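# Chain and residue survey
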Amino acid sequence: MIFRRGGRRWAVAAPMAVNAVASGVSASTTLLVAWGVSAAEFGRFTLVLSIALIVTVGMVMSLHFVMYQELPRARTEEHRALITTALLSTLVLGTAMALAGLLAAPLLTVLVGVDLRTLCLALALALSMAVNHLTESFLRGLRKYGLTSGIKIVIAFAYLGLSAYCLLVLDVRNVDWYLLALIGTNLLFALVSAIGFRIDPRSWSRPLARSLYRHGAYLTVLGGLSAVLFGVDVIFLNHWADQTEVGVYSIYNNFPKRLLGVVVADGIGLVLLPALAVTDTSSALRRIGRLSPAVFAATVLLSFAASAVFFLLLRDEYPYSFGLMALSALGIGAHTVFNLYSAALSMDGVRGAKALIAAQSAAAPIVLSCQAALIAWQGLVGGLVAFILCNLVLIAAVAVVSARVYRSRAEAPSVRSPEVRR
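Residues numbered from 1 in each chain as written. Predicted model: local features only at pLDDT ≥ 70, side-chain atom pairs only at ≥ 80, totals over all residues. Heavy atoms only, no water.

For clarity, the threshold we go by: UniProt positions are given in the numbering used here, feature names are shortened, and annotations may be inferred rather than shown by experiment.
Per an unreviewed UniProt entry, the recorded name for the protein chain is O-antigen/teichoic acid export membrane protein, and the organism is Planomonospora venezuelensis. Under the heading Subcellular location (unreviewed entry), UniProt records this for the protein chain: "Cell membrane".

## Some thoughts on the environment of F387
Convention followed: Helical segments are the DSSP runs of H or I of at least four residues, strand segments are the runs of E of at least two, and each set is numbered from the N terminus.
By the element assignment, F387 lies in helix 14 (residues 380-405). A sequence separation of 158 residues divides F387 from L229, and the C-alpha atoms of the two residues are 9.7 Å apart.

## Structural notes on a nonpolar patch on the surface
Selection criterion: Surface patches are drawn from residues lacking salt bridges whose relative accessible area is over 30%; two like charges belong together within 9 Å, two nonpolar side chains (Val, Leu, Ile, Met, Phe, Trp, Tyr) within 5 Å. Each accessible area is a Shrake-Rupley estimate made with a 1.4 Å probe; only the visible protein chains count as cover when residues are assessed. By definition, a salt bridge exists where a carboxyl oxygen of Asp or Glu is found within 4 Å of a side-chain nitrogen of Lys or Arg. Exposure is judged per residue with a 1.4 Å probe applied to protein chains only, and the accessible area is read against the type maximum: over 50% gives exposed, under 20% gives buried, and values in between give partly exposed.
Judged by side-chain polarity, Y165, L168, V169 and L170 come together as a nonpolar surface patch covering roughly 420 Å² of accessible area. Structurally, the position occupied by Y165 is in helix 7 (residues 145-169). Among the residues examined, Y165 registers a relative accessible area of 44% and is labelled partly exposed.

## Let's talk about the packing of aromatic side chains
Where two aromatic rings form a pair, the distance of their centres and the angle of their planes describe that pair. So the rule is basically this: Here is the rule: rings of Phe, Tyr and Trp (six-membered ring for Trp) pair when centre to centre is within 6.5 Å. Planes less than 30 degrees apart are stacked, more than 60 are edge-to-face, and the remainder are tilted.
With the rule as written, the count across this model stands at 8 aromatic pairs. Between F65 and Y68 the ring centres are 5.9 Å apart and the planes differ by 70°, which places this aromatic pair in the edge-to-face class. With F65 and Y68 both in helix 3 (residues 63-70) and 3 residues apart, the pair spans about one turn of that helix. Plain terms: the ring middles of F304 and F322 are 5.1 Å apart, the flat faces sit at 70° to each other, and that makes the pair edge-to-face.

## Some points on the packing of helix 6 (residues 116-141) against helix 8 (residues 175-193)
Basically, it comes down to this: Axes, fitted as lines to C-alpha atoms, cover a helix only where it is in contact. Angles between the N-to-C directions of the axes lie from 0 to 180 degrees. Throughout, the term roughly parallel applies to angles under 35 degrees, roughly antiparallel to angles over 145, roughly perpendicular to angles from 65 to 115, and oblique to all others. Each helix crossing is assigned a hand: it is left-handed if the near helix lies turned anticlockwise from the far helix by less than a right angle, otherwise right-handed if that turn is clockwise. Here a residue-residue contact requires only that any non-hydrogen atoms of the pair lie within 4.5 Å. Residue type decides the class: Asp, Glu, Lys and Arg count as charged, Ala, Val, Leu, Ile, Met, Phe, Trp, Tyr, Cys and Pro as nonpolar, and the leftover types, Gly among them, as polar.
In contact at an axis separation of 8 Å, helix 6 and helix 8 are set at 25° when each is read in the N-to-C sense. Between helix 6 and helix 8, the interaxial angle falls into the category roughly parallel. Along this stretch, helix 6 crosses helix 8, giving a crossing that reads as left-handed. In this structure, helix 6 contributes R117, L121, A124, L125, S128, M129, V131, N132, T135, E136 and L139 to the contact, and helix 8 contributes D176, L179, L180, L182, I183, N186, L187, F189, A190 and S193. Of the residues assigned to the contact of helix 6 with helix 8, the class counts are 13 nonpolar, 5 polar and 3 charged.

## Some remarks on the pattern of salt bridges
Scanning the entire structure with this criterion turns up 9 salt bridges. Between R44 and D176 there is a salt bridge, with its nearest N and O atoms 2.2 Å apart. Linking R44 in helix 2 (residues 39-60) with D176 in helix 8, this pair joins segments that are 132 residues apart in sequence. You'll find R44 and D176 in the same group, each marked buried. Note that R117 and D176 form a salt bridge whose closest N and O atoms lie 3.2 Å from each other. Note that R117 is positioned in helix 6 and D176 in helix 8, a separation of 59 residues in sequence. The class of R117 is partly exposed, set by a relative accessible area of 44%. In this structure D176 comes out as buried when scored by relative accessible area, which is 10%. Where salt bridges share partners, they join R44, R117 and D176 into one cluster.

If you want it as structure tokens, here you go:
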């Protein structure tokens, strides 16, 4: 019995470690690109990625989160219909949104402040990310953690190898090629991951699609709010500063944020999200509250220590500043705590999504005003300060709302939406 329990723990811990390494390799590739191209070019890379992250929300419509919730609870015979309906619906919706974006390009390029090439790359990247997120959720929802991490690490090294070849051998300094490589590796993951699940177009169901989208509607609103709240800073900075400053800001803020995401989301999250789907949310929130100070402190220290390493690898266009890195580390620590609360609530179905929407909607005017004012006033420094303050405001809002919604299990039992069950 002990061996079996240990085997189960190893079956979970090993994929978590491999998945974290894979995401770390991907993050290292981003650092390599930042080293190889100019700060202005890397600023453009960051801008494309920030726009894509916002657009992806509308393309995937949170169906990947629905899969995290429903696949672990569905019967085996229901899996094929769930997966097929979600995938085909996302491909149709995502393609339609990309085409609509191209048709609206004359308006969007002026509104966002980008050129047509940047917009096209952002739309293509968004579609590849939507498909990537969804297919990965299929594997995680089916608890195929080993297969998920195995594919991810192979793809990550392929992306690193291709980028290194383009940079060190071909001397490619145009960031468009690295964005195209990222799009290609996202699609490659989606194709290879199909060995872990079955798709049957005949099992596509219109009623099931409507039910999936109803279930994901609240999460989509939530995802849209989150994407704007944590992505518009780059757009603001691109408006009030030049792309070189956007590139430097990305190294101080976006790269550490992604690096910590390796551990929190891509490592622990490999099993955290499906586990939260079947865990009492009020208990999970209490545990997160107790662990928050330790998580914050550990994240701040890890982020600060990691910065000392990767800044040594970069060129003079990215000068190291102790003060800026301190601000960055504090922001990353607060952001990690907020992400833990967000994960617990988002896995509680409709009730959790409503609580998060209420909290973020209440905080949104303060957050956006704070970002706009500080970035317009102080640029890079203002963006880092705004990131700290905005996460603290969001944590406070989530704490207040969740305390009212989840008073106790006895008073307010967890309600999970059964709509997508057949």
